[in-house]
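Each chain, written out:
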Amino acid sequence: MTIDTLQWWETAVIYQIYPRSFQDSNGDGIGDLPGITSRLPYIAELGVDAIWISPFFKSPQKDFGYDVSDYCDVNPEYGTLKDFDKLLAESHKLGLKVMVDIVPAHCSEEHVWFNESRQSRHNNKADWFHWVEPKSDGSPPTNWLSFFGGPAWSWEPRRQQYYLHNFLSSQPNLNHANPAVREALMDVARFWFDRGVDGFRLDAVHTINADVAPYQNNQANPKFVPGPLPQQQQPFFRQLHDSAQLNQPAIQAFSESFRSVADSYSDRYLMGELHGDDPIKASQTFTAPGRLHATYNFNLLSWDGLNVEGLKKAITKAIDAFNGTGRLSFAFSNHDVPRSATRQLAPLGLTAEQQPALQLLLLKLETCLIGSACIYQGEELALQDSQDIPVELMQDPWGIEFAPVFSGRDTCRTPMVWNRVASNGGFSNANQTWLPVNQDHLHRAGLDEAAREGSVYNEFAAFLKWRKEQPAIMSSNKMSELTGDNKTLVFERIAEQQTLRCTFDFETLTATFEEV
Ligand code: GLC
Ligand code: CA
């Protein structure tokens, strides 16, 4: 059957690659672009539509690539621009779109822009960052805190001013009120679109800051409850942010200018990662006409996992705001939170043996919802998080800051494994890999699973093939409200040619579909 389909990005299943941990090709223990290229057939055969590669640009790697020192070049440990072109050409040959991860809110302190800007109050880049006078008592201009710990302001002795950083002090926030900054980032977009990339995942767009002087203090968050989750152990979450620090209206100049660049090419996609105090409301603003195509929805990415009621609530909240559109992208796992295979077991009352069946169910659920879905590398293998990374091997600056209370994001970033019997599971033949390979992953190595009948990889591949033939999923963005009891999630996908009732049973761990 041939069916009318929506635009590719409205229904896309996007496979997220964390380049440092995907495949090492030169034995240094660090994944790289040629490594990714060598594994493209594995991704294409799974039947996904696109890949999103986390940042591989020049960077001192303080936040593993989310601190960019040159947006238009490849970090040498990941390869060269030529390697990227090859990766792109091979992906396109295999029918995969390619999305790269642009970080528009901040760059690295090692970027030439910041290096020039910090030297004096009078230079060509003097107002490319947020330079603000201290208060008369010498303290920072506002009470804002950095997401990774400590104040969001650091002192620059040469200028005798503070600069803003929402994350590490080595990630200074760009001043988006300066049209030259916007122009420079639009050039970055053109650079990658000209090479042929199909879209961007735009990092942390809610933390883009325009000149919001006079800078206001954040208010205390009256709903803050101290607790065991990382969000409840950090001072950052004791504040409300949307009235001052995050999601400022002036950011929309950025989304509109980026969209105008995307629209000057054909069929390109902008997906913004967005959070804040009310991410759904902010997502609606960011995806208004002429702005980003979609935002990356966090509702299913909780740190603690969700029971069936919680899943229902999380999905309903997003669907209520976006039903009938493809302006959202769901994810259950990524490089920032514990993997769903690990964190979902307890709240759903399941055992470790049920992990593969649960993972397959979650993958099917995610790819039956409206909008696109982002699958994190290893989800197709039902990989669980590593729980035992010793403090001295930890890499994530956020985890290091808050250890041992919070172990950070290394647990979901360990290297992919490909082959049970190869050294480091086939990830690398180095003596030591940048993060240790999780030995428990070896019995679910990628190529072994792809060759095994009945594996999550193969079951999901078969499902994605079937999905492509369902008009209810591929040609319409409508769905019914969610129903079901405390063990099931039920909804209908609705198109002119077909209505499909989708039932996800969290007791038997089966998904059933019937035309109604
Ligand atoms: C995003 C990224 C995260 C990074 C942060 C700062 O949330 O997903 O990995 O640390 O932005 O760039
Ligand atoms: Ca390497």
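Scroll up to find the structure.
A short tour of the structure in this document, coming up.

1. Brief notes about the sheet that holds strand β8 (residues 161–164)
Adjacent strands of a sheet form backbone hydrogen bonds with each other and so pair up, either parallel or antiparallel.
Next up, step 1: The strand order across the open sheet formed by 3 strands is β6-β8-β7, and the pairing between neighbours is antiparallel. Edge strands, defined here as strands with exactly one partner in the open sheet, are β6 (131–132) and β7 (153–156).
Next up, step 2: In the sheet, β7 pairs with β8 via 4 bridges, with the strands oriented antiparallel. Note that in β8 the partner of Trp153 across the bridge is Leu164.

2. A closer look at the site of ligand 1
Next up, step 1: In the neighbourhood of ligand 1, 13 residues make up the surrounding shell, with Asp63, His106, Asp203, His335 and Asp336 lying closest.
Next up, step 2: In the environment of ligand 1, an oxygen atom lies 3.0 Å from a nitrogen or oxygen atom belonging to the side chain of Arg409.
Next up, step 3: For the shell around ligand 1, the per-class residue count stands at 4 nonpolar, 2 polar and 7 charged.

3. Here we look at helix α8 (residues 279–286)
Next up, step 1: Those residues of α8 that fall on the buried side of the exposure criterion are Ile280, Ala282, Ser283 and Phe286. Around the axis of α8, the buried residues are gathered within 160° of arc, so they sit on the same side.
Next up, step 2: Residues of α8 that are buried in the fold lie against α7 (252–263), β11 (294–297) and α9 (308–322).

4. Some details on the pattern of salt bridges
Next up, step 1: Evaluation of the coordinates by the stated rule reveals 24 salt bridges.
Next up, step 2: The salt bridge partner of Arg409 is Asp63, with a shortest N-O separation of 3.1 Å. With Arg409 in the loop between α12 (397–402) and α13 (446–450) and Asp63 in the loop between β3 (57–58) and β4 (70–74), the pair connects residues that are 346 residues apart, well separated along the chain. The same class applies to Arg409 and to Asp63, which are both buried.
Next up, step 3: The shortest N-O distance in the salt bridge between Glu256 and Arg291 comes to 2.8 Å. With Glu256 in helix α7 and Arg291 in the loop between α8 and β11, this pair connects stretches of sequence that are 35 residues apart.
Next up, step 4: Within the structure, one salt-bridge network assembled from shared partners comprises Lys62, Glu109, Arg118, Glu156 and Arg158.

Calculation criteria
- Residues numbered from 1 in each chain as written.
- Chains lettered and ligands numbered in written order.
- Predicted model: local features only at pLDDT ≥ 70, side-chain atom pairs only at ≥ 80, totals over all residues.
- Heavy atoms only, no water.
- Pairing = 2+ DSSP bridges.
- Helix = DSSP H or I, 4+ residues; strand = E, 2+ residues; numbered from the N terminus.
- Near = heavy atom within 4 Å.
- Polar contact = N/O pair within 3.5 Å; in protein donor to acceptor, adjacent residues only side chain to side chain.
- Nonpolar A, V, L, I, M, F, W, Y, C, P; charged D, E, K, R; others polar.
- Buried < 20%, exposed > 50% of the residue type's maximum accessible area, 1.4 Å probe, protein only.
- Arc of directions from axis to C-beta.
- Contact = heavy atoms within 4.5 Å.
- Salt bridge = Lys/Arg side-chain N within 4 Å of Asp/Glu carboxyl O.

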